[in-house]
Amino acid sequence: MKKTESDNKQIKNDAGRHVATCMCVYVALLCVARCVMTLLKMGYGISVAVPLIVALLFAVVETVAVTMLWLRTATLHPDRLTNFHTAATAGRMLGALIVMFVAYLFVGRDGMLPYIGWLLLYYFAALILHSVFFSRENKKLYSDKN
């Protein structure tokens, strides 16, 4: 089945909507984290702010990169989307491990707990958001073929 311009336009709109949704969720998580820290009187010092910002940046970069790659794959090679989802999951895990390793190099073993905690929060948020988006888009793409 040949893709039309309107199909490609719809895929681009869906990708843009996905990035916007993810950014809203990430900012909401940031606000919730700030409120919880305020309620628990934890403060918002450099030991908490830097790991939170690193995790947020990881999630934003990962979301934009995976969505751009998905957009390219969905428009040019929709038959390879299953392989893409596997590779995207592996890439997300590898990216998180690299971020944790770099954090370990900079802060050492004693300062790793905030990095791991915030990174896990944003990692699972990205995982859930991407899974929902990809499953919904796959249903659309494969239902159009039938």
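Residues numbered from 1 in each chain as written. Predicted model: local features only at pLDDT ≥ 70, side-chain atom pairs only at ≥ 80, totals over all residues. Heavy atoms only, no water.

> Which residues make up the nonpolar core, and what are the values?
Core analysis: the biggest nonpolar cluster contains 18 residues, and Y26, L52, W118 and Y122 have the highest contact counts within it. When contributions to this core are tallied by element, the ones reaching two or more residues are helix 1 (5-39), helix 2 (46-76) and helix 4 (112-145). The contact partners of W118, leaving out residues within four places of it in the chain, are A33, M37, V48, P51, L52 and A55. Judged by nonpolar contacts, the second largest core, of 11 residues, contains A15, A88, F133 and F134. (Core = buried A, V, L, I, M, F, W, Y, C linked by side-chain atoms within 4.5 Å. Buried < 20%, exposed > 50% of the residue type's maximum accessible area, 1.4 Å probe, protein only. Helix = DSSP H or I, 4+ residues; strand = E, 2+ residues; numbered from the N terminus. Contact = heavy atoms within 4.5 Å.)

> Break down the confidence of the model for the protein chain for me, with residues and values.
Confidence in the prediction for the protein chain averages 87 pLDDT; 92% of positions are at 70 or higher. The least confident element of the protein chain is helix 4, whose mean pLDDT is 86; the most confident is helix 3 (residues 81-107), at 92. (pLDDT = per-residue confidence, 0-100.)

> Residue-level account of helix 3, with values.
Across its 27 residues, helix 3 extends 38 Å between first and last C-alpha, which sits within 8% of the 39 Å expected from 1.5 Å per residue. Within the span of helix 3, buried status applies to L81, F84, H85, A88, R92, G95, A96 and A103. Where helix 3 terminates, the next one or two residues include G108, which has phi positive at roughly 80°. (Expected span 1.5 Å × (residues − 1).)

> Tell me about the side chain of H18, residues and numbers included.
With respect to the helices, strands and loops of the structure, H18 is situated in helix 1. With a relative accessible area of 6%, H18 lands in the buried category. H18 has contacts with T67, L129, H130 and F133, leaving out every residue within four places of it along the chain.

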